[in-house]
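# Inside the fold
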Amino acid sequence: MRLRRSMMFIPGDSAGMLSNSYIYRPDSVMFDLEDAVSLAEKDTARLLVFNTLKANLYGGIETVVRINGVETPFWEDDLDMAVRGGVEVIRLPKTESVADVKEIENRIENIEKSCGRPIGDTKIMAAIESACGVVNAVSIASCTPRMIAIALAGFDYLVDMQTSRSSGSEPELFYARAAVLHAARAAKIDAFDVAYGNVNDEEGFLREVAIAKNLGFNGKSLIHPRQIELLHKAYAPTTGEVDHARKVIQAAKDAEEKNLGVVSLDGKMIDPPVIHEAQRVILLSDHS
Ligand SMILES: CC(C)(COP(=O)(O)OP(=O)(O)OC[C@H]1O[C@@H](n2cnc3c(N)ncnc32)[C@H](O)[C@@H]1OP(=O)(O)O)[C@@H](O)C(=O)NCCC(=O)NCCSC(=O)C[C@@](O)(CC(=O)O)C(=O)O
Ligand SMILES: [Mg+2]
């Protein structure tokens, strides 16, 4: 079980941000070559991100590169750099179909072969940014063992839906959130909620974090370091939840030692889903 609560975007053309953002300790960093980088800076950004990956600055933090989409002239060079640089995960933006994923998967395999990385080592995350992506989310999420997560991208999605972000319970994102989350859970992979664009609006950000957490998202895409601690705190289990989880783990251990298939704690049955949830709570608490 890997903890993926916070995935922070870092513009790939910002040498300053690339060189020191490990200090913020997000669970994952996403070096962006797509929409945070202007057309004029695409080549510079690719080189800067390659050097950052090679410098190995982000020990313990998952590294992700968001390449440009398969409809652009940049994605092949982006992939070549990222896979050779040793990135852990490729984020494919504006994913609409399994064909998009297969196109980058084939290319990744060729690069892995040519640079000596084990086949399958480079993982993929698909960003769902359109109605078409949402309706194909189930097949996208389950089309390759390389797929470790899918992410809903609210900005582009709402443009495609011909609407905009409201405040409050955000009905305009309800269907897409539910669809992306179900696709991820059916495929047994992680799910990321949308990025929140107003970095000064703590209250609005936390309202959105609560929606994501309660729905069951593993975490959110973030655009500013200030959002990391807020998110981690909101995802942290309470002391009561941690105490209960420890009791569940202990009860499960005792049952195993006594060769009992099922056991109860305070009158409630302890079975594999309960144990799994307890392990998730402990993991969250260990990183809070
Ligand atoms: C918003 C702003 C300009 C504000 O900057 P400001 O400089 O005014 O902020 P300050 O508060 O002054 O910063 C204080 C200190 O933090 C440092 N710092 C700030 N941000 C940092 C960061 N991200 N990483 C590391 N360091 C950071 C800064 O360098 C300074 O460091 P220092 O000078 O040392 O004190 C900045 O945050 C920023 O650029 N964010 C990333 C924007 C981005 O990537 N957009 C593309 C991805 S979304 C998209 O594409 C939509 C999507 O595709 C999404 C999907 O797919 O999910 C969809 O469709 O929905
Ligand atoms: Mg986008």
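If you're wondering where the values come from, they're calculated on a predicted model, not measured in any experiment.

## Some thoughts on the coordination of the magnesium ion (ligand 2)
Glu 129 (OE) and Asp 156 (OD) make up the full set of protein donors to the magnesium ion (ligand 2), lying at 2.0 to 2.2 Å. Placement of Glu 129 in the loop between strand E5 (123-128) and helix H5 (131-135) and of Asp 156 in helix H7 (residues 154-160) is noted, with a sequence separation of 27 residues between them. Assessed through its relative accessible area of 26%, Asp 156 is described here as partly exposed.

## Some thoughts on the domain arrangement of the chain
Taken as a whole, the chain is organised into domain 1 (4-233) and domain 2 (237-284). Computed over C-alpha atoms, the centres of domain 1 and domain 2 are 33 Å apart.

## Regarding helix H12 (residues 272-286)
Here H12 spans 21 Å end to end across 15 residues, near enough to the 21 Å set by a 1.5 Å rise per residue. Of all the residues in H12, the buried ones are Ala 278, Val 281, Ile 282, Leu 283, Leu 284 and Ser 285. On its buried side, H12 packs onto helix H10 (226-235) and helix H11 (239-257).

## A short note on the site of ligand 1
Near ligand 1, the surroundings consist of 22 residues, among which Phe 9, Arg 91, Phe 155, Ile 223 and His 224 are the closest. At 2.8 Å, a side-chain N or O of Arg 66 approaches an oxygen atom of ligand 1. The side chain of Arg 226 places a nitrogen or oxygen atom 2.9 Å from an oxygen atom of ligand 1. For ligand 1, whose accessible area on its own is 1,100 Å², the fraction buried by protein is 64%. When residues of the shell around ligand 1 are traced back to their parent elements, those giving at least two are strand E1 (6-11) and H7. Looking at the shell around ligand 1, the element that brings in the most residues is E1, giving four residues. When the residues that make up the shell around ligand 1 are grouped by side-chain class, the tally is 11 nonpolar, four polar and seven charged.

## Considering the nonpolar core
Within the largest apolar cluster, 61 residues are counted, with the highest numbers of intra-cluster contacts made by Phe 31, Val 65, Leu 79, Ile 104, Met 147 and Ile 150. With six residues, helix H8 (residues 174-187) is the single largest residue contributor to this core. Once residues within four sequence positions are removed from consideration, Ile 150 is found in contact with Met 125, Ala 126, Ala 141, Val 180, Ala 183, Ala 184, Ile 189, Asp 190, Ala 191 and Phe 192. Residues Phe 9, Val 89, Ala 149 and Ala 151 belong to the second largest nonpolar core, which totals 10 residues.

What counts, and at which threshold
Residues numbered from 1 in each chain as written. Chains lettered and ligands numbered in written order. Predicted model: local features only at pLDDT ≥ 70, side-chain atom pairs only at ≥ 80, totals over all residues. Heavy atoms only, no water. Donors = N, O, S within 2.8 Å, 3.2 Å for Na, K, Ca; no water. Helix = DSSP H or I, 4+ residues; strand = E, 2+ residues; numbered from the N terminus. Buried < 20%, exposed > 50% of the residue type's maximum accessible area, 1.4 Å probe, protein only. Domains from an automatic or database assignment. Expected span 1.5 Å × (residues − 1). Contact = heavy atoms within 4.5 Å. Near = heavy atom within 4 Å. Polar contact = N/O pair within 3.5 Å; in protein donor to acceptor, adjacent residues only side chain to side chain. Areas by Shrake-Rupley, 256 points an atom, 1.4 Å probe, with all protein chains shown as cover. Nonpolar A, V, L, I, M, F, W, Y, C, P; charged D, E, K, R; others polar. Core = buried A, V, L, I, M, F, W, Y, C linked by side-chain atoms within 4.5 Å.

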